[in-house]
Amino acid sequence: MPDTVDSVRAVLIETLELQQSPEDLQTDTALFGALPELDSFGVVQLVAAIEERFDITIDDDEFGAELFETLGSLTEFVDSKLAAA
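A quick note: this is a predicted structure, and the numbers were derived from the prediction, not measured.

Caption draft 1: Layout of unusual backbone geometry. Even without glycine at this site, Glu17 takes up a positive phi of about 50°. Within the secondary structure layout, Glu17 lies in the loop between helix H1 (2–16) and helix H2 (40–54). In this structure Glu17 comes out as exposed when scored by relative accessible area, which is 61%. The phi dihedral of Asp55 is positive, around 55°, even though this residue is not glycine.

Given below as structure tokens:
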């Protein structure tokens with residue numbers, strides 16, 4: 001998970017053009033509802049960027065607010081998709 005969390009963090013910062021530094025985003029950092037950049041359009045952009053970066057597919061029924069609750073929840077999801085691939 002350490003490598004995945006760093007990669008997910010980088011995708012978040014790049015895709016949403018966040019002003020936070022990587023060390024500002026910890027696994028318990030709230031995302032959806034806490035980051036103004038992560039609105040409905042931001043979610044679509046982020047999903048596309050994660051799919052491309054990790055070569056995974058996120059089905060429509062797999063993403064909801066709980067997936068984007070924290071950096072940790074998003075990282076755990078990506079790890080589970082990678083493990084299933």
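There is more to say, and it comes next.
Caption draft 2: Geometry of the side chain of Thr70. Examined against the element boundaries, Thr70 turns out to sit in the loop between H2 and helix H3 (71–84). Residue classification places Thr70 among the buried residues on the basis of a relative accessible area of 17%.

Caption draft 3: Expanded view of the pattern of salt bridges. Overall, the coordinates contain two salt bridges when judged by the stated rule. Taking the shortest distance from any N to any O, the salt bridge between Arg9 and Asp6 comes out at 2.7 Å. Here Arg9 and its partner Asp6 are both found in helix H1, three residues apart, which amounts to about one turn of the helix. With relative accessibility at 11%, the residue Arg9 sits in the buried group. Accessibility expressed as a relative area gives 44% for Asp6, which makes it partly exposed. With a shortest N-O distance of 3.1 Å, Lys81 and Glu62 are connected by a salt bridge. With Lys81 in helix H3 and Glu62 in the loop between H2 and H3, this pair connects stretches of sequence that are 19 residues apart. The class of Glu62 is partly exposed, set by a relative accessible area of 25%.

Calculation rules
- Residues numbered from 1 in each chain as written.
- Predicted model: local features only at pLDDT ≥ 70, side-chain atom pairs only at ≥ 80, totals over all residues.
- Heavy atoms only, no water.
- Helix = DSSP H or I, 4+ residues; strand = E, 2+ residues; numbered from the N terminus.
- Buried < 20%, exposed > 50% of the residue type's maximum accessible area, 1.4 Å probe, protein only.
- Salt bridge = Lys/Arg side-chain N within 4 Å of Asp/Glu carboxyl O.

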